[in-house]
Amino acid sequence: MVSLPCLSREKERKQMGSTTAGARRLARGNDGWAFPDLVVETWGELACFTRPELKSERVSYPLMTPSAADGLLQAVFWKPEFRYVIRRIEVLSPVRWARVRRNEVASVPNASTVAAFQKDRRRRYDVEADRDQRGTTALRDIRYRIHAQIAVSAKARAGGNGFPPASEEKYREQLRRRVERGACFSQPFFGCREFTASFGPATDRPCQTGWNDELGVMLHSIAYTPQGERYRWFRASVNEGVLIVPEEPLPDGAVAVAATSWRADAGSGPDGE
């Protein structure tokens, strides 16, 4: 039997037809998931999980965000038939900070700017005129243990068009084998591409049990829609070195975020287009 991902009560009523089936499912334990969590350990020298309210100079959250954990797992293994559900993140090393100052460019090219350069081969971009020096408050010597589940889409579970029904067990085994071999589709990183991340099977290394903290609002995930990026949030707290991630983020509009000066769909680039 192919298991369903953990759903809210209302979603269970719609998809399973009765509250009895949903209650029976929750009685399994593990919040209704049919399989134990997939566990991947990751570590690196530097990381920056940027707080969105601080844009002029990057300042990291004190630990990895669920969105960053999701991106790291997708770099290891991903298929369009499923998505990762981050359940918890365990902090395995003390929180240490590092200050980095780098030369960067002040603007980011968008699609219209790239098209303009392709149309006119004589056009040039002067990086010296667009250079900006910025500081980054990053984390150093980090190590985490990510617990996640795989949620297969309803369309993939049903199969069709010559494809058999998708199996959650198949994707779980593929991820496990890739983690054991150290294989990945692209190099995982911690927030910035230059902050590369290593990964491997889970160890018995203990959590930082002395760390208990309320971190306020943290980025849960990013939804990519035709209207642009939609940021989703949750209230984060660390208990005995463990960040528990709810499956459902806060409702839309629960968090007010200041508009940024540049967005991918805003039509502004190095040349002001």
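The notes below deal with the structure included here. As the structure is a prediction and not an experimental result, all values here were calculated from the model. (Residues numbered from 1 in each chain as written. Predicted model: local features only at pLDDT ≥ 70, side-chain atom pairs only at ≥ 80, totals over all residues. Heavy atoms only, no water.)

This next bit is on empty space enclosed by the protein. One pass over the full model with this rule turns up one cavity of 30 Å³ or more. The calculated volume of the largest cavity comes to roughly 40 Å³. Taken together, Pro62, Val91, Ser93, Pro94, Val95, Arg96, Leu139, Ile142 and Tyr144 form the lining of the largest cavity. Top element by residues in the lining of the largest cavity is strand 5 (residues 131-152). It accounts for three residues. Along the lines of polarity and charge, the residues of the lining of the largest cavity split into seven nonpolar, one polar and one charged. (1 Å grid on protein atoms, 1.4 Å probe; cavity = no way out; pocket = protein on both sides within 12 Å on 5 of 7 lines; lining within 4 Å. Points joined across faces, edges and corners; volume = space filled by probe spheres on them. Helix = DSSP H or I, 4+ residues; strand = E, 2+ residues; numbered from the N terminus. Nonpolar A, V, L, I, M, F, W, Y, C, P; charged D, E, K, R; others polar.)

Take the layout of surface pockets next. Volume-wise, the second largest pocket comes out at about 360 Å³. Glu81, Ala156, Gly159, Phe163 and Pro164 are the residues nearest the centre of the second largest pocket, which is lined by 15 residues in total. Listing elements by their share of the lining of the second largest pocket, those giving two or more residues are helix 5 (154-158) and helix 6 (168-181). Ranked by residues supplied to the lining of the second largest pocket, first place goes to helix 6 with three residues. Each residue belonging to the lining of the second largest pocket can be placed in one class, and the counts come to six nonpolar, five polar and four charged.

So, about the pairing of strand 3 (residues 82-91). Counting buried residues along strand 3, eight of its ten residues qualify, which places the element largely inside the surrounding structure. Bridge count between strand 3 and strand 5: nine bridges; the pairing is antiparallel. Following the sheet pairing, Ile89 is matched in strand 5 by Ile146. Here three bridges tie strand 3 to strand 9 (residues 242-244), and the two strands are oriented antiparallel to one another. In the sheet register, Ile89 faces strand 9, and the bridge partner there is Leu243. (Buried < 20%, exposed > 50% of the residue type's maximum accessible area, 1.4 Å probe, protein only. Pairing = 2+ DSSP bridges.)

Just geometry here; none of it tells us what the structure is for.
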